[in-house]
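Descriptive analysis of the structure
Chain by chain, the residues:
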Amino acid sequence: MLDFARRGNPGREWLLRGGGARSHRARMGEPRDLFLEANRLRLHLLEWGERGEGPPLLLLHGFQEHAHAWDWLAPRLAAAGHNVFAWDARGHGDSEWIGRGGYYHFPDYAADVAFVVRHLGGRVALVGHSMGGNVALLYAGSEPERVTALALLEGLGPPDSPHDVAPKRFAGWIADLERTAGSERRPRPLADCAARLRRYFPLTEEISLHLARHGTRAAGDADGDLRAWKWDPLHATRAPQPFYVAQAETFWARITCPVLYLEGSRSYLSAAAFEIEERVAALHAERATIDGAAHHPHLEQPEETARVLLEFLARAAR
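The following paragraphs examine the structure supplied in this document. (Residues numbered from 1 in each chain as written. Predicted model: local features only at pLDDT ≥ 70, side-chain atom pairs only at ≥ 80, totals over all residues. Heavy atoms only, no water.)

1. Digging into the overall build of the protein
- When helices and strands are counted, the protein shows 12 helices and 11 strands.
- Looking at the protein as a whole, 49% of its 318 residues are labelled buried.
- In the protein, the share of contacts with a sequence separation of at least 24, taken over all contacts with a separation of at least 6, comes to 71%. (Helix = DSSP H or I, 4+ residues; strand = E, 2+ residues; numbered from the N terminus. Buried < 20%, exposed > 50% of the residue type's maximum accessible area, 1.4 Å probe, protein only. Contact = heavy atoms within 4.5 Å.)

2. Considerations on the sheet that holds strand β9 (residues 226-229)
- One open sheet holds the 3 strands; their spatial order is β7-β9-β8, and the pairing between them is antiparallel. Looking at which strands have only one partner, the edges of the open sheet turn out to be β7 (188-189) and β8 (216-218).
- Pairing of β8 with β9 involves 3 bridges; the strand directions are antiparallel. Each residue of the ladder has a partner; that of T216, found in β9, is W229. (Pairing = 2+ DSSP bridges.)

3. Quick word on the side chain of T148
- Inspection of the secondary structure puts T148 in strand β6 (residues 147-153).
- Ignoring anything within four residues of it in the chain, the contact list for T148 reads P55, R123, V124, A125, C257, P258 and A316.

4. Concerning the pairing of strand β1 (residues 32-38)
- With 6 of 7 residues buried, β1 is to be regarded as a mostly interior element.
- Two strands pair when backbone bridges link them, and β1 and strand β2 (residues 41-48) are joined in this way by 7 bridges, in the antiparallel orientation. Residue pairing across strands places L34 opposite L45, the latter belonging to β2.
- Here β1 folds back onto β2 in antiparallel fashion, the turn holding 2 residues, of which N39 has a positive phi close to 55°.

5. Some words on the pattern of salt bridges
- Inspection of the entire model under this criterion finds 12 salt bridges.
- The structure contains a network of salt bridges with shared partners spanning R118, E143 and R146. (Salt bridge = Lys/Arg side-chain N within 4 Å of Asp/Glu carboxyl O.)

6. Some details on the sheet that holds strand β5 (residues 124-129)
- Within the open sheet, the 8 strands sit side by side as β1-β2-β4-β3-β5-β6-β10-β11. Their pairing is mixed. Pairing within the sheet leaves two strands with one partner each, and these edge strands are β1 and β11 (286-290). Going from strand to strand, the sheet's axes swing by 25° on average, the running direction of each strand aside.
- Of the strand pairs in this sheet, strand β10 (residues 259-264) and β11 are connected by 5 bridges, and their pairing is parallel. Counted as the bridge partner of L260 is E286 from β11. (Axes fitted to C-alpha atoms, helices over the stretch in contact; angles between N-to-C directions.)

7. Some details on the nonpolar core
- One finds L45, L58, V113, V116, L126, L150 and L152 to be the most contacted residues of the largest nonpolar core, which totals 46 residues.
- Sorting elements by how many residues they give to this core places helix α5 (residues 131-142) first, with 6 residues.
- The contact partners of L58, leaving out residues within four places of it in the chain, are L45, F85, V113, V116, V117, L120, A125, L126 and V127.
- Ranked by size, the runner-up nonpolar core spans 27 residues in total, among them L77, V84, A125 and A151. (Core = buried A, V, L, I, M, F, W, Y, C linked by side-chain atoms within 4.5 Å.)

8. A look at the packing of aromatic side chains
- In the structure shown here, the tally under the stated rule is 5 aromatic pairs.
- Taking 5.3 Å as the distance between ring centres and 75° as the angle between the ring planes, the aromatic pair formed by Y103 and W173 counts as edge-to-face. One end of the pair, Y103, is in the loop between β4 (84-87) and α4 (106-119); the other, W173, is in helix α6 (residues 166-181), with 70 residues separating them in the sequence.
- Of the residues examined, Y103 reaches a relative accessible area of 9% and is grouped as buried.
- A relative accessible area of 17% places W173 in the buried class.
- Within the aromatic cluster, the residues linked to one another by ring pairs are Y103, Y104, F170 and W173.
- If you follow R185 out to its NZ or CZ, it ends over the ring of W231, 4.3 Å from the centre.
- The cationic tip of R196 hangs over the ring face of W229; the distance from NZ or CZ to the ring centre is 5.2 Å. (Phe/Tyr/Trp six-rings, centres within 6.5 Å; stacked < 30°, edge-to-face > 60°. Lys NZ or Arg CZ within 6 Å of the ring centre and 35° of its normal.)

Below, the structure is given as structure tokens:
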């Protein structure tokens, strides 16, 4: 059952799609919070813009991130007339964690996308960043008739793996699970959480604070300064299943919609340039580069990223 509700003010879908307050929020570029039951989990989404004639856009964030990572890009897409949704993947943001004894495998993410797509009308255009791009590829190859366009931001999958690496990966995964079960997550000040993001990516202080604010929750300390990450600690483990290009290619071959690969000119993925070229060719994808951006073009250069995406989506709709 679809459970669209504004956070803190449960209501039906029509409450969100009408009324002066909602229109004012849309004009200001602020998203609406939505919740739905998908694949037996309660997932959180953000929505921008109005329902139109074309299929909605569904944005899939990267690893250990959340729907608010699209806050700079999504309003620009909505302003061009698109109805935009961004999810919190299972175990991220304000979406539900899996139950005891479960795990976060890529087929689970793909199945979650399938349920969300059905809730959104049955067909979507997908935009995926990093991990979200990998999920989008799996889903688009599983149900190609439901995807009208596919844009991949720095997300074409990890390096290929030799077949004999699987037992070591499984052993490492078990060790990670044991370590995670015996560890306790320590709350940190918001500024420290933002600084952690900047250690990994060249983000501005404003953007890192925004991501940290939405990616953490109050830890309940007396001063109210300490924050705890929202993502499930299981995301600090390395998944057991290796990535095999030969298997991935069977999914890519089934994709029928137009595909765009969008990268940053300062991307650390440039070290795998040969693999990227091969995968872009296998997908028959267009390729575009955002000057001055690293791994997060939608955060580092949102205006140019929006321009490239909108032009691609317009071509895909012809």
